[in-house]
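# Observations on the model geometry
For reference, the chains in residue letters:
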Amino acid sequence: DTAVSQTPKYLVTQMGNDKSIKCEQNLGHDTMYWYKQDSKKFLKIMFSYNNKELIINETVPNRFSPKSPDKAHLNLHINSLELGDSAVYFCASSQDPGTSGIKTQYFGPGTRLLVL
Amino acid sequence: DAKTTQPPSMDCAEGRAANLPCNHSTISGNEYVYWYRQIHSQGPQYIIHGLKNNETNEMASLIITEDRKSSTLILPHATLRDTAVYYCIVRGYGGSQGNLIFGKGTKLSVKP
């Protein structure tokens, strides 16, 4: 009964390849996120997405694209992988805060990507 | 950029209270203080949040100063499993203001 799940847990691939990471949440949330944690352990938001808007961190290369087949899924597609893309990628979800402003996020276990 | 300042590391003896400080002197009136932690190799875990009143839940207590410029997360009886990096985050709501901006956090080591 995992709340936020990601697959695969580990991903090793060659430079130049295209890969996808899947994320699913069973919490009924309507907002999902992708974060990147680099080797220095800095955790940075990449995208936030609900059925109304996609907000993209301006530092994210356009090789990265989120795709949401439905409200419970937000997959991350990465084209032309580069060495610097090696990191741990975390998916998260939250309920739309409405007027309360409270938006607690629940994180998945992470996908460890290594680009060779 | 993160709007908070935390000590890079702290030690705590097992069974004792762990008090983790956070400065957020530029906090706005509609911004909440959130605490998350990240245990090694796991995803961040929500702990607690507050606006201006002190808060307590099954995991921790959050003490926010009257001027809201600083706060303290209290783990009342730290265990070895509380060893983690603790992040204090200030966030608003609406659009990108609602996104979590993680700083460097405080690495808490609970020792036997």
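Below or above, wherever it landed, is the structure these notes cover. (Residues numbered from 1 in each chain as written. Chains lettered and ligands numbered in written order. Predicted model: local features only at pLDDT ≥ 70, side-chain atom pairs only at ≥ 80, totals over all residues. Heavy atoms only, no water.)

On to the overall build of chain A. Along chain A, the regular secondary structure elements total 0 helices and 11 strands. In chain A, the succession of α and β elements from N to C terminus is β-β-β-β-β-β-β-β-β-β-β. For chain A, the C-alpha radius of gyration of 14 Å lies close to 13 Å, the compact-globule estimate for 116 residues. With the C-alpha coordinates of chain A rotated into their principal frame, the extents come out at 45 × 35 × 30 Å. Expressed as a percentage of the 116 residues in chain A, the buried residues total 46%. Long-range pairs, those at least 24 residues apart, make up 58% of the contacts in chain A between residues at least 6 apart in sequence. Working note: accessible area of chain A is about 6,000 Å², and carbon and sulfur atoms make up 51% of it. Separation of charge centres in chain A, based on 13 positive and 11 negative side chains, amounts to 5 Å. (Helix = DSSP H or I, 4+ residues; strand = E, 2+ residues; numbered from the N terminus. Rg over C-alpha atoms; globule rule 2.2 N^0.38 Å. Buried < 20%, exposed > 50% of the residue type's maximum accessible area, 1.4 Å probe, protein only. Contact = heavy atoms within 4.5 Å. Areas by Shrake-Rupley, 256 points an atom, 1.4 Å probe, with all protein chains shown as cover. Lys, Arg positive; Asp, Glu negative; His and termini not counted. Charge placed at Lys NZ, Arg CZ, Asp CG, Glu CD.)

Judged by side-chain polarity, V12(A), L114(A) and L116(A) come together as a nonpolar surface patch covering roughly 270 Å² of accessible area. Tracing the backbone through its elements, the reader meets V12(A) in strand 2 (residues 10-13). (Patch = residues over 30% accessible without salt bridge, like charges linked within 9 Å, V, L, I, M, F, W, Y side chains within 5 Å. Salt bridge = Lys/Arg side-chain N within 4 Å of Asp/Glu carboxyl O.)

Opposite charge on two side chains permits them to pair, given that their charged atoms come into close proximity. Evaluated as defined, the whole model comprises 5 salt bridges over all chains. Ionic pairing is found between D85(A) and R63(A), a salt bridge with its closest N-O pair at 2.8 Å. Here the residue D85(A) occupies a position in the loop between strand 8 (75-78) and strand 9 (87-94), and R63(A) occupies one in the loop between strand 6 (54-56) and strand 7 (64-67), the gap between them amounting to 22 residues. Judged by relative accessible area, which is 4%, D85(A) ranks as buried. In this structure R63(A) comes out as buried when scored by relative accessible area, which is 13%. Between K3(B) and E31(B) there is a salt bridge, with the nearest N and O atoms lying 2.9 Å from each other. Of this pair, K3(B) sits in the segment before strand 1 (9-13) while E31(B) sits in the loop between strand 2 (18-23) and strand 3 (32-38), and the two are 28 residues apart along the sequence. Salt bridges sharing common partners tie together R63(A), E82(A) and D85(A).

Before going further, it helps to examine the environment of S94(A). Residue and element names in this part refer to chain A. With respect to the secondary-structure elements, S94 resides in strand 9. Exposure remark for S94: the relative accessible area of 0% places this residue in the buried category. Along the primary structure S94 and M32 are separated by 62 residues, whereas in three dimensions their C-alpha atoms are 6.4 Å apart. Aside from chain neighbours lying at most four places away, what touches S94 is H29, D30, T31, Y33, K103, T104 and Q105.

Residue and element names in this part refer to chain A. Strand order in this open sheet of 4 strands is 1-3-8-7, and the pairing throughout is antiparallel. Of all strands in the sheet, those bounded by a partner on one side alone are strand 1 (4-7) and strand 7. Within the sheet, the average angular offset between the axes of one strand and its neighbour, ignoring direction, is 20°. As paired strands, strand 1 and strand 3 (residues 19-25) are joined by 4 bridges and run antiparallel to one another. Looking across to strand 3, one finds that T7 is bridged to K22. (Pairing = 2+ DSSP bridges. Axes fitted to C-alpha atoms, helices over the stretch in contact; angles between N-to-C directions.)

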